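Residue strings, one per chain:
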Amino acid sequence: MAMTHGNTKLGKLIWGWTLPALLTICIGASDVCRRLCYALKGFFLMGTVKESHKRNYEESLGDDFVQRMNTDIRRNFAQVVRVHVGGDFYSVEYIHKWIKVVRANPAVLFYAYTRSWRDPEFLVHLSQLGMEPNFHMWWSCDRETGEPTASRFAKTAYLMENDDDLPPYKVDLVFRDKATAVLKYTPEGSLVCPYDNGITETTCSQCKICFRDEVVPRKGRKNERAISL
């Protein structure tokens, strides 16, 4: 197994699991997602990195994937695991393997952003994974995906291609690709990822919004939990 320990954005607390960003794996990817995908650029194009992610995918197909992932999590004393720094949930069987991993590690926090919700066959199984008390599920969306199906077991994260690409429906969190101005909240009140807001110096390990149970702050919410932005 090849989990990785943090990066510039994730910080030191988080371990990541990555698959290749292929159409056969990222089954819900939109054209916007494919065009902006960081897992198709830079560091991810290095031969050794691509080979490592390919091996991860091959190992995820095996009957011993759950056992091997459990061993890797415990060997690294992982406290937080981001499922799919690159890649996505590519089959119902694979989703259920992650359900078993999450249940076997109740003290570990897991989280994932997925566009696989766009496949109706996957939606119910992803919701089942999102029901696990130590898993934080995010429906990823953009202007091409349409509005995600509402779920009590998932929050929504919108990808802005530029500063004019504002979400046309209510979302919990916004990520930005090309940011030219400081933006902490969208005009309708959605929180912009502090790492992407153009002014806050932080990491995912410090922010923790994506893997904690509190409601994501919205501009103007009277009872929102104070966070450092």
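Just so it is clear, the model here is predicted, and its values are computed rather than measured.

Criteria and cut-off values
- Residues numbered from 1 in each chain as written.
- Predicted model: local features only at pLDDT ≥ 70, side-chain atom pairs only at ≥ 80, totals over all residues.
- Heavy atoms only, no water.
- Pairing = 2+ DSSP bridges.
- Helix = DSSP H or I, 4+ residues; strand = E, 2+ residues; numbered from the N terminus.
- Contact = heavy atoms within 4.5 Å.
- Phe/Tyr/Trp six-rings, centres within 6.5 Å; stacked < 30°, edge-to-face > 60°.
- Buried < 20%, exposed > 50% of the residue type's maximum accessible area, 1.4 Å probe, protein only.
- Axes fitted to C-alpha atoms, helices over the stretch in contact; angles between N-to-C directions.
- Parallel < 35°, antiparallel > 145°, perpendicular 65-115°, else oblique.
- Left-handed = near helix turned anticlockwise from the far one by under 90°.

S.K.: Even after reading the chapter, I still don't get the sheet that holds strand S4 (residues 109-114), so can you show me in this structure?
M.R.: Whenever strands of a sheet pair, they do so through backbone hydrogen bonds, lying parallel or antiparallel. Taken together, the 8 strands give an open sheet; going across it, the order is S1-S2-S3-S4-S5-S6-S7-S8, and neighbouring strands pair in mixed fashion. In this open sheet, the two edge strands, each paired with only one partner strand, are strand S1 (4-5) and strand S8 (191-192). As judged from the 3 bridges shared by strand S3 (residues 80-83) and S4, these two strands associate in the parallel manner. Residue pairing for S4: Val80 is matched across the bridge by Leu109.

S.K.: What am I meant to see in the side chain of Ser140 here?
M.R.: Following the sequence through the fold, Ser140 ends up in strand S5 (residues 135-141). When residues no more than four places from it in sequence are discounted, the contact partners of Ser140 are Tyr113, Thr114, Arg115, Trp117 and Ala157.

S.K.: What is the right way to look at the packing of aromatic side chains in this model?
M.R.: Aromatic ring pairs: the centre-centre distance and the angle between the two ring planes describe each pair. Across all of its chains, the model carries 12 aromatic pairs by this definition. Between Trp17 and Phe65, the ring centres sit 5.7 Å apart and the planes meet at 55 degrees, which makes this aromatic pair tilted. Of the two residues, Trp17 is situated in strand S2 (residues 14-17) and Phe65 in helix H3 (residues 65-75); the sequence distance between them amounts to 48 residues. As far as burial versus exposure is concerned, Trp17 and Phe65 are alike and both buried. Between Tyr57 and Tyr90, the aromatic rings sit 5.2 Å apart at their centres with planes inclined by 70 degrees, giving edge-to-face as the arrangement.

S.K.: Just checking my understanding: could you explain the packing of H3 against helix H4 (residues 92-104) for this structure?
M.R.: The description of two packed helices rests on the angle between their axes and on the distance between the axes. For the pair H3 and H4, the least separation of the axes is 9 Å and the interaxial angle reads 40 degrees. Here H3 is positioned oblique relative to H4, judged by the angle of their axes. Crossing of H3 over H4 shows right-handed handedness. Residue-level inspection shows Phe65, Val66, Met69, Asn70, Ile73 and Arg74 of H3 in contact with H4, the latter providing Tyr94, Lys97, Trp98, Lys100, Val101 and Ala104.

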